[in-house]
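Breakdown of the fold
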Amino acid sequence: MLTSRTFLKRTRAGAVMKVVREHYLREDIACGAAACEQCGRQPGEPRLEAQPSGAASSLCPAPHYLLPDTNVLLHQIDILEDPVISNVIVLQTVLQEVRKRSAPVYKRIRDVIANPEKHFYSFTNEHHRETYIEQEQGETANDRNDKAIRVAAKWYDEHLKKINNEETIQVILLTNDRNNKEKAVEEGLTAYTCEEYIKSLIANPDLIDRLACVSDEGKEIESGRIIFSEHLPLSKLQQGIKSGIYFQGTFRANRDNYLEATVWVHGDAEENKELKSSVSKNMLRPSGRVVGIIKRNWRPFCGMLSKSQIKEARRHLFTPADRRIPRIRIETRQASALEGQRIIVAIDGWPRNSRYPNGHFVKNLGTAGDKETETEVLLLEHDVPHQAFSQAVLSFLPKMPWSITEEDMKFREDLRYLCVCSVDPPGCTDIDDALHCRKLENGNLEVGVHIADVSHFIRPGNALDQESAKRGTTVYLCEKRIDMVPELLSSNLCSLRSNVDRFAFSCIWEMNHNAEILKTKFTKSVVNSKASLTYAEAQMRIDSSSMKDDITTSLRGLNKLAKILKKRRIDNGALTLSSPEVRFHIDSETHDPIDLQTKELKETNSMVEEFMLLANISVAKKIHEEFSEYALLRKHPAPPPSNYDILVKAAKSKNLEIKTDSAKALADTLDKAESPDFPYLNTLLRILATRCMMQAVYFCSGMDNDFHHYGLASPIYTHFTSPIRRYADIIVHRLLAVAIQADSTYPELTDKHKLADLCKNLNYRHKMAQYAQRASVAFHTQLFFKNKGVVNEEAYILFVRKNAVVVLIPKYGLEGTVFFEEKDKPKPNLNYNDEVPSLTVEKTTFCTFDKVKVNIMLDASNIQHQKIRMALVEPKILGSDVPNQTTELSTNSEPKKKKLKK
């Protein structure tokens, strides 16, 4: 059965076209109730229980199913996700509306429906003959949808009465819309607000805390003096955007200063050209204000409760861990129990008469300061997906025991005879890459980079692939690893461990002894690594005069070629920069950090890096040659000249010249910028140079014209060598496999718009992973100094500010800001020189790169925002009692600085 609607539509060319839309209706759509024999069973679907085992309600003691309307689903998703709530009917009408209005809530409700333990059932009421209704003339879409929900609830009520059961199952309509509720009661339905129903649950009073703070129809309660100006309605915003009065973009708050933000204007370059030119002529820095919000991106926030001092009060303020977020007012009955705990709170709305948004309690994470709790907080705050892999994802893993079959070998080259080995950090279990080097009969050298063939196990479009794409990258914290793919793949079947057969994607070159490439071959292969070495073990073999086995010979050949490749790269203008990376030594029993050292790099680190870079460049050329519009590449934009100001001035203070006209000029002058009396100076300059750089990003070749990688001085580049821990590499593997006819393509692989969206997510996930890793280092640094007490260490001044100096402690790779003025204390005499960066405090002058001594200690006075504080020990400030201390290394994000005077 079908209904149809005919209407006329004018095309862009001016022609009139007749359009017929058909809407099919069926009689065989099941109600989902397990006890219903009338509807027939649909195997595999989550079903409503025959005897609902949900929470007991004083309003409805009889067995019942819940049927929420759209606003309840949108605003009370935290309630619906709670294990207490089960046997819920989710209508197609409601799902469609939620999908339009909130993608995150839609994803969450789809996950709940897919969970068989929750007994949620999605009912296709829009295609059921007895529940579909037409929109009447003059009726709004919202009123029509409300009526459709009531019609479906009425049908369920009558349908369930026909089930031959001991007790009739009731259907409760949950709605916060007063009019909808009144009409439902008039029509004989049982209807309650979400708040009424939750408060009626006898054994679950704590669930009341999770109610979103919204009133009738989802509007925030408002009364009193207006503090914030009203945002424009959507209709006016759309008109203004169309006419060019307003600009639409994405709001990004400054990570260090919540009073600053940027808006990246949407649209292509041509659309925004006139804006950009007018801005450059009339103002140095374009600025504006937010006049309306088209789509919110609110998320649940971690933080701590600030309990009200009023006795028996239920309204309290919540202080988020993210300093950019204002305090949130929530209602809770368990304030005493939540004191000193890390909790999650969601924002429900922000009344224009209130200084604080309203929200509700979501979850208790555990005691503040506890290692597990703080790790959970930093993962949540940086939006790192870290939940256990679902059964749907795990179902696509190979069945164990796994072995290579004859079918697998049809499109593979057997390279198990080669002397392949891997070189990685100690304790590495997710081994992505292995190498080999051997002499050919013609006197040339054969060099191979063999990369784990993850794309063999992760096929396009399935749940495993979707989850890997969502995660985007493996996140490495100080004590744990958040895998992008399940452990069976990351640490076993894909990992190129020694003495086991493994699938690989091999890039093999024939080179002469001057490391010039004569031939390049890409092939799917099977390898058997002969050794899994650490960098130190590989270095020991290369340096040993007594070792002459095949593995050592291969390593020596690789190392010799790598040195030539590196010199050639640097001669072409590639940059060798520096950043202080730290390594923690963890106590095996307490798991607390007992030592903190900067990582020491060996020749073998550089050896592996050179061949990974070469493989990435070779693959980038190949996939772009085959797929000029669809290649996934990686670029590193050149920094704007102003970025280098701080580096140039710092070098000038030591009578050194740094040229920044090109990457080659920068690399050459950095190489020459040395001082015999100050060997660490060159490292400091390279650290400063790193701070001047732009972020490298993934992009689709068909959506961009600039491919250049500034840091590597390469015209084209991609990521191919780490598919276990980066999803970008999996896509590159798939493109390369199609290019060499080792695998087939699929529609999404050659859709540049979908690839561009994927790159956007990968860039976001990569950035969040970096922030999470820094936060983990910061937290473990705090733990280290908590156990260590006050420590005196040598430091170098990296930056000079108007009221402070930023110092780097080489031993720990730790950075901090020493301030020279403090509240409620006499202000010292400060004299700042911007030309040759220096700061004179009373009679003592501090310049960039000066050596100082500081003491370091943990300030735990604020349990949520603990800080490493530093005080200047040497040189002494002459002429006044000056405060010399700092705050640095917040646990919740990248290192943050106090607001400095400009």
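Look above for the structure.
Model, not experiment: these values are computed from the prediction.

**Structural notes on helix H22 (residues 752–788)**
Relative to the 54 Å expected for 37 residues at 1.5 Å per residue, H22 spans 53 Å between its end C-alpha atoms, a close match to the ideal helical length. Just past H22, the residue Gly789 takes up positive phi, approximately 80 degrees.

**What to know about the sheet that holds strand E32 (residues 838–841)**
With antiparallel pairing, the three strands of this open sheet are ordered in space as E31-E32-E33. Two strands bound the open sheet, and with one partner strand each, they are strand E31 (830–833) and strand E33 (844–847). Sheet twist, expressed as the average angle between the axes of neighbouring strands with direction ignored, equals 15 degrees. Where E31 and E32 come together, four bridges link them in antiparallel fashion. Considered in E32, the bridge of Tyr832 is made with Leu839.

**Some words on the packing of helix H3 (residues 92–101) against helix H5 (residues 141–161)**
Where H3 meets H5, the axes come as close as 9 Å, and the angle between the chain directions of the two elements is 145 degrees. Touching Thr93, Val94 and Glu97 of H3 are Arg144, Asn145, Ala148 and Ile149, all from H5. In terms of residue class, the contact of H3 with H5 is built from three nonpolar, two polar and two charged.

**Some points on helix H20 (residues 681–692)**
For H20, with 12 residues, the first-to-last C-alpha span of 17 Å sits near the 16 Å given by 1.5 Å per residue. With respect to burial, H20 is a largely interior element, nine of its 12 residues being buried. Of all the positions in H20, only Leu681, Asn682, Leu684, Leu685, Arg686, Ile687, Leu688, Ala689 and Cys692 are classed as buried.

**Regarding the packing of aromatic side chains**
A ring pair, where both rings are aromatic, is described by two values, the distance of the centres and the angle of the planes. In this structure the tally under the stated criterion is 15 aromatic pairs. Aromatic side chains Phe123 and Tyr156 sit 5.1 Å apart centroid to centroid with 70 degrees between the ring planes, which places their arrangement in the edge-to-face category. Of this pair, Phe123 sits in strand E5 (residues 120–123) while Tyr156 sits in helix H5, and the two are 33 residues apart along the sequence. Residue Phe123 is classed as buried on the basis of its relative accessible area of 0%. Given a relative accessible area of 0%, Tyr156 falls into the buried group. When the ring of Trp155 is compared with that of Tyr156, the centres are 5.2 Å apart and the planes differ by 80 degrees; the resulting orientation is edge-to-face. Pair check on accessibility: Trp155 and Tyr156 agree, each one buried. The structure contains a cluster of three or more aromatic residues connected by ring pairs, namely Phe123, Trp155 and Tyr156. The cationic tip of Arg255 hangs over the ring face of Tyr771; the distance from NZ or CZ to the ring centre is 3.5 Å.

**Examining the nonpolar core**
Membership of the largest hydrophobic core comes to 88 residues, with the highest contact counts inside it found for Phe611 and Leu632. For this core, the leading source of residues is helix H21 (residues 727–739), giving 10 residues. In this view, Leu632 contacts Ile623, Tyr698, Phe699, Thr718, Ala728, Ile731, Val732, Leu735, Leu755, Cys759 and Leu762; residues no more than four positions away in its chain are not counted.

**Section: the packing of helix H13 (residues 463–471) against H22**
Here H13 crosses H22 at 55 degrees, and the two axes come no closer than 8 Å. The angle between the axes of H13 and H22 places the two elements in the oblique class. On H22, the residues that touch Ala469, Lys470 and Arg471 of H13 are Leu758, Asn761, Leu762 and Arg765. Residues of the contact of H13 with H22, tallied by class, amount to three nonpolar, one polar and three charged.

**Observations regarding the pattern of salt bridges**
By the definition in use, this model includes 51 salt bridges. The closest approach of N and O atoms between Lys107 and Asp111, which form a salt bridge, is 2.7 Å. One end of the pair is Lys107 and the other is Asp111, both in helix H4 (residues 103–114) and four residues apart, which spans about a single turn. Taking relative accessible area as the criterion, Lys107 reaches 39% and is therefore assigned partly exposed. A salt bridge links Arg352 to Glu230; the nearest nitrogen and oxygen atoms lie 3.3 Å apart. Here Arg352 is found in the loop between strand E13 (341–349) and strand E14 (358–367), whereas its partner Glu230 is found in the loop between helix H7 (194–199) and helix H8 (234–243), with 122 residues between them in sequence. Accessibility expressed as a relative area gives 27% for Arg352, which makes it partly exposed. Ionic contacts of the salt-bridge type, sharing partners, join the residues Arg299, Asp322, Arg324 and Glu381 into one network.

**Quick notes on the side chain of Arg412**
Assignment of secondary structure puts Arg412 in the loop between helix H12 (391–394) and strand E15 (413–414). Overall, the relative accessible area of 11% leaves Arg412 in the buried class. For Arg412, the side chain forms a polar contact with the side chain of Asp453, separated by 2.6 Å. Every residue in contact with Arg412, bar those within four places of it in the chain, is listed here: Asp453, His456, Phe503, Ala504, Lys524, Ser525 and Val526.

**A few points about the environment of Leu814**
Note on placement: Leu814 falls in strand E30 (residues 814–819). The exposure class assigned to Leu814 is buried, which follows from its relative accessible area of 3%. It is 47 Å that separates the C-alpha atoms of Leu814 and Leu73, two residues lying 741 residues apart in sequence.

**Considerations on unusual backbone geometry**
With omega at 0 degrees, the peptide bond leading from Met400 into Pro401 counts as cis. Omega for the bond connecting Glu874 with Pro875 falls within 30 degrees of zero, at -5 degrees, which places this linkage in the cis form. Inspection of the secondary structure puts Pro875 in the segment after strand E35 (867–874). Of note, Asn87 is a non-glycine position whose phi angle comes to about 55 degrees, a positive value. Take Asn87: its relative accessible area is 0%, and that puts it in the buried class. A positive phi is found at Asp383, a non-glycine position, where the angle reads about 55 degrees. Tracing the chain through its elements places Asp383 in the loop between helix H11 (371–381) and H12. A relative accessible area of 34% means that Asp383 is categorised as partly exposed.

Parameters and conventions
Residues numbered from 1 in each chain as written. Predicted model: local features only at pLDDT ≥ 70, side-chain atom pairs only at ≥ 80, totals over all residues. Heavy atoms only, no water. Helix = DSSP H or I, 4+ residues; strand = E, 2+ residues; numbered from the N terminus. Expected span 1.5 Å × (residues − 1). Pairing = 2+ DSSP bridges. Axes fitted to C-alpha atoms, helices over the stretch in contact; angles between N-to-C directions. Contact = heavy atoms within 4.5 Å. Nonpolar A, V, L, I, M, F, W, Y, C, P; charged D, E, K, R; others polar. Buried < 20%, exposed > 50% of the residue type's maximum accessible area, 1.4 Å probe, protein only. Phe/Tyr/Trp six-rings, centres within 6.5 Å; stacked < 30°, edge-to-face > 60°. Lys NZ or Arg CZ within 6 Å of the ring centre and 35° of its normal. Core = buried A, V, L, I, M, F, W, Y, C linked by side-chain atoms within 4.5 Å. Parallel < 35°, antiparallel > 145°, perpendicular 65-115°, else oblique. Salt bridge = Lys/Arg side-chain N within 4 Å of Asp/Glu carboxyl O. Polar contact = N/O pair within 3.5 Å; in protein donor to acceptor, adjacent residues only side chain to side chain.

Note that all results are geometric; they support no functional claim without further evidence.
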